[in-house]
Amino acid sequence: QVHLVESGGGLVRAGGSLRLSCAASGSVFNINVMGWYRQAPGKQRELVATISSAGITNYPDSVKGRFTISRDNAKNTVYLQMNTLKLEDTAVYYCWTRYYDVDYWGQGTLVTVSS
């Protein structure tokens, strides 16, 4: 079983920055892809960023140029550096990984951006 635990969420003013982290634990070896999704109130969960074990990243246009995903393979940890935050970035952010063709999700960490 893969357990994902997020941290780093909080309240920040528009234009500010936050850094999220997510650690995978359990019987986990050689995780390929990890990433982040988010879900705003009343909206569906959407992709924020993914990164492979080789360092290949993927971002939607909504965060490209503002968010950066990175990982520490030795620690099975993924990070999300969020800069120039906007009001529309307010959401619960979920860590995600696909391990042996099974999707695993963290419990989420709340990011609130205020004006």
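Now for a description of the structure that goes with this document. (Residues numbered from 1 in each chain as written. Predicted model: local features only at pLDDT ≥ 70, side-chain atom pairs only at ≥ 80, totals over all residues. Heavy atoms only, no water.)

**Focus: the overall build of the protein**
Phase 1: Secondary structure assignment for the protein yields zero helices and 11 strands.
Phase 2: Put simply, the protein runs from its N terminus to its C terminus through helices and strands in the order β-β-β-β-β-β-β-β-β-β-β.
Phase 3: Here the C-alpha radius of gyration of the protein, 13 Å, is about what a compact globule of 115 residues would show, namely 13 Å.
Phase 4: Over its C-alpha atoms, taken along the principal directions, the protein stretches across nearly 40 × 25 × 20 Å.
Phase 5: Residues classed as buried in the protein amount to 42% of the 115 residues present.
Phase 6: Intrachain contacts of the protein at a sequence separation of at least 6 include 53% that bridge at least 24 residues.
Phase 7: Accessible surface, the protein as shown: approximately 6200 Å² in total, 48% of it carbon and sulfur.
Phase 8: Mean positive and mean negative side-chain charge positions of the protein (11 and 8 charges, respectively) differ by 5 Å. (Helix = DSSP H or I, 4+ residues; strand = E, 2+ residues; numbered from the N terminus. Rg over C-alpha atoms; globule rule 2.2 N^0.38 Å. Buried < 20%, exposed > 50% of the residue type's maximum accessible area, 1.4 Å probe, protein only. Contact = heavy atoms within 4.5 Å. Areas by Shrake-Rupley, 256 points an atom, 1.4 Å probe, with all protein chains shown as cover. Lys, Arg positive; Asp, Glu negative; His and termini not counted. Charge placed at Lys NZ, Arg CZ, Asp CG, Glu CD.)

**A short note on the nonpolar core**
Phase 1: Of all hydrophobic cores here, the largest spans 30 residues; its most connected members are Trp 36, Leu 80, Met 82 and Tyr 93.
Phase 2: Mapped by element, the contributors of at least two residues to this core are β1 (2-7), β3 (18-26), β4 (33-39), β5 (46-51), β7 (67-72), β8 (77-82), β9 (91-99) and β11 (109-114). (Core = buried A, V, L, I, M, F, W, Y, C linked by side-chain atoms within 4.5 Å.)

**Some points on the state of the cysteines**
Phase 1: According to the stated counting rule, one finds one disulfide in the structure shown.
Phase 2: Linked covalently through their sulfurs, Cys 22 and Cys 95 form a disulfide whose S-S length is 2.0 Å. Of note, the bridge from Cys 22 to Cys 95 carries an S-S torsion of about -85° and is left-handed in sense. Of this pair, Cys 22 sits in strand β3 while Cys 95 sits in strand β9, placing them 73 residues apart in sequence. (Disulfide = S-S within 2.5 Å.)

**Digging into the pattern of salt bridges**
Phase 1: By the definition in use, this model includes five salt bridges.
Phase 2: In this structure, Arg 38 engages Asp 89 in a salt bridge whose closest nitrogen and oxygen atoms are separated by 2.9 Å. A residue pair is termed long-range when its members are at least 10 positions apart, and Arg 38 in strand β4 and Asp 89 in the loop between β8 and β9 qualify at 51 residues. Taken individually, Arg 38 and Asp 89 each receive the classification buried, so the pair is uniform in this respect.
Phase 3: Among the ionic pairs, Arg 66 bridges to Asp 89, the shortest N-O distance being 2.7 Å. In this pair, Arg 66 sits in the loop between β6 (57-58) and β7 while Asp 89 sits in the loop between β8 and β9, placing the two residues 23 residues apart along the sequence. (Salt bridge = Lys/Arg side-chain N within 4 Å of Asp/Glu carboxyl O.)

Shape is all these values report; function is a separate question.
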